[in-house]
Number of protein chains: 2
Amino acid sequence: MARRSDHTRDELRGLVINTSIDIIQTDGFQALTARKIAGIIGYSPGTIYNLFPSMDALCLIINGMTIDALNETLNDPACNKVGASPADNMKAMARQYLDFAAQNKERWMMLFAYKLPEGEDVPVWFQEKVAALFAPLERILTPLYKNDAKACKLAARTLWASVHGICFVEQTGKMPIVIGSSSGEAMTSTLIDNFVAGI
Amino acid sequence: MARRSDHTRDELRGLVINTSIDIIQTDGFQALTARKIAGIIGYSPGTIYNLFPSMDALCLIINGMTIDALNETLNDPACNKVGASPADNMKAMARQYLDFAAQNKERWMMLFAYKLPEGEDVPVWFQEKVAALFAPLERILTPLYKNDAKACKLAARTLWASVHGICFVEQTGKMPIVIGSSSGEAMTSTLIDNFVAGI
DNA sequence: CAATAAATTGAACGCTGTTCAATTATTAGT
DNA sequence: ACTAATAATTGAACAGCGTTCAATTTATTG
């Protein structure tokens, strides 16, 4: 029996979360089970339920952390250069997104493949994390929509969703590769070039 | 015991598939279980496995049918008018997509949320169905890329993925509604207008 | 040192996909 | 018509899942 003084409650929570992310990244989020986590960290399944109300809640927390990590890359200086044109910053930001998804594929897939059970709805703190994702792109677009904040918001959400769609299609590999090796980047470039030119 | 002459093998397969679609659309694809299907059609769980190699295979077939149905709406005359401008046809096509997703939400969600287990990869017949989805949009775009078939393909895939992303974001409701009631259509319009203007 | 509180456990419940020997229904051959 | 072969159907069984909870162990407090 694991002694309760081995870890504080928060340490244990962190241990569970980190172990979960490892499992997800290695074997996919479908492989994440309470018994597996417990086995790895040397506790019993019941302990997971002392730390988290349910596996769903744990998944939601992990998804929140994934969004935080993604958000961080979108705020990276590499795609927020003061001297660069909006189009160049946007392309860099799209690249950041594509790279993040590629490097954290399973974690990122889980973000969209995972569905809360019937009845349960997404908590506010999670929705806020999602909403925060649009800010960086909106910031870049602002100079292009000087006098129309509404149009700026619409454009930011349109572009963000579009890049997400391109990323999704690329990651799931459901698109025949006719474009070349880096089709994701080719598509985001085409998207951004045409969109900006059309403003 | 259900008599084997109640239905032919193909009838039974169709019965399983239709029942599955009903369950998915009513309670979500997570609610689809072999025992539930069997109970509804009056057979035992084992019979499902006489008709389909696994639940995964059944899901794949259903996903294929969903793609077929989606493909059909994209070939609808409503978004392939001979007199209309490419932009108008594209907007109509995007609308068809958005409407299809809205009216077949669970079925459509399953298309993306469902993931084949470790090792198994998507069969060719399924990949071909997915590839066929791009043809209608490519057809519309052709007149805009008279002398560059390659650029046309890239644009078609870019736009398709973008519209999908917009649809996904709208359906999953993970985007704060700041645009208005029909944000999906507002976004696809913005996307297409800007994109076409930028060509 | 005793009493209280908290953490940990592991068996149990009902669910899942899946397998398979046994049973039943149908067809083919004589 | 009767038998033999074939095919369909069943339902128990297995391993795994999320989850619950009484019992046990550990730590803290009075």
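Overview of the structure.

About the criteria used
Residues numbered from 1 in each chain as written. Chains lettered and ligands numbered in written order. Predicted model: local features only at pLDDT ≥ 70, side-chain atom pairs only at ≥ 80, totals over all residues. Heavy atoms only, no water. Near = heavy atom within 4 Å. Polar contact = N/O pair within 3.5 Å; in protein donor to acceptor, adjacent residues only side chain to side chain. Helix = DSSP H or I, 4+ residues; strand = E, 2+ residues; numbered from the N terminus. Axes fitted to C-alpha atoms, helices over the stretch in contact; angles between N-to-C directions. Parallel < 35°, antiparallel > 145°, perpendicular 65-115°, else oblique. Contact = heavy atoms within 4.5 Å. Nonpolar A, V, L, I, M, F, W, Y, C, P; charged D, E, K, R; others polar. Core = buried A, V, L, I, M, F, W, Y, C linked by side-chain atoms within 4.5 Å. Buried < 20%, exposed > 50% of the residue type's maximum accessible area, 1.4 Å probe, protein only. Buried area = accessible area lost by both parts, 1.4 Å probe. Salt bridge = Lys/Arg side-chain N within 4 Å of Asp/Glu carboxyl O.

1. Some words on the protein's contact with DNA strand D
Around DNA strand D, the surrounding shell holds 24 residues, and the nearest of these are Arg4, Ser5, Arg35 and Tyr49 of chain A together with Ser44 of chain B. Of all atoms in DNA strand D that approach within 4 Å of the protein, 71% are sugar or phosphate atoms. Here a base nitrogen of DNA strand D and a side-chain polar atom of Arg35 of chain B are 3.4 Å apart. Element by element, the count of residues in the surface near DNA strand D is highest for helix 3 (residues 45-51) of chain B, at 3 residues.

2. Some details on the packing of helix 1 (residues 9-27) of chain B against helix 4 (residues 55-74) of chain B
All names here are of chain B. Look at helix 1 against helix 4: their axes get within 11 Å of each other, and the N-to-C directions meet at 80°. Considered as vectors, helix 1 and helix 4 are oriented roughly perpendicular to each other. In this structure, helix 1 contributes Val16, Ile17, Ser20, Ile21 and Ile24 to the contact, and helix 4 contributes Leu58, Ile61, Ile62 and Met65.

3. What about the protein's contact with DNA strand C?
Contacts to DNA strand C come from 24 residues, most closely from Ser44 of chain A together with Arg4, Ser5, Tyr49 and Met55 of chain B. Among the atoms of DNA strand C close to the protein, meaning within 4 Å, 67% are from sugar or phosphate groups. Between DNA strand C and Ser44 of chain A, the relevant distance is 2.6 Å, taken from a phosphate oxygen to a main-chain nitrogen or oxygen of the residue. Of the residues forming the surface near DNA strand C, the biggest block, 3 residues, is contributed by helix 3 (residues 45-51) of chain A. Grouping the amino acids of the surface near DNA strand C by side-chain chemistry returns 9 nonpolar, 8 polar and 7 charged.

4. Some words on the nonpolar core
One finds Tyr97, Trp108 and Leu141 of chain A together with Tyr97, Trp108 and Leu141 of chain B to be the most contacted residues of the largest nonpolar core, which totals 82 residues. For Trp108 of chain A, the residues in contact, after removing those within four places along its chain, are Thr66, Tyr97, Phe100, Ala101, His164, Cys167, Phe168 and Gln171 of chain A.

5. Quick word on helix 6 (residues 105-113) of chain A
Across the 9 residues that make up helix 6 of chain A, a large majority, 8, are buried. Of all the positions in helix 6 of chain A, only Glu106, Arg107, Trp108, Met109, Met110, Leu111, Phe112 and Ala113 of chain A are classed as buried. Where helix 6 of chain A is buried, its residues contact helix 1 (9-27), helix 4 (55-74), helix 5 (86-103) and helix 9 (149-172) of chain A together with helix 6 (105-113) and helix 9 (149-172) of chain B.

6. Here we look at the interface of chain B and chain A
On the side of chain A, 38 residues touch chain B, which itself brings 38 residues to the contact. Regarding the contact of chain B and chain A, the summed buried area is about 3,600 Å², with carbon and sulfur atoms giving 69% of it. Scanning the region where chain B abuts chain A turns up 0 salt bridges. For the side of chain B that touches chain A, the elements supplying multiple residues, two or more each, are helix 6, helix 7 (124-132), helix 9 and helix 10 (183-198) of chain B.

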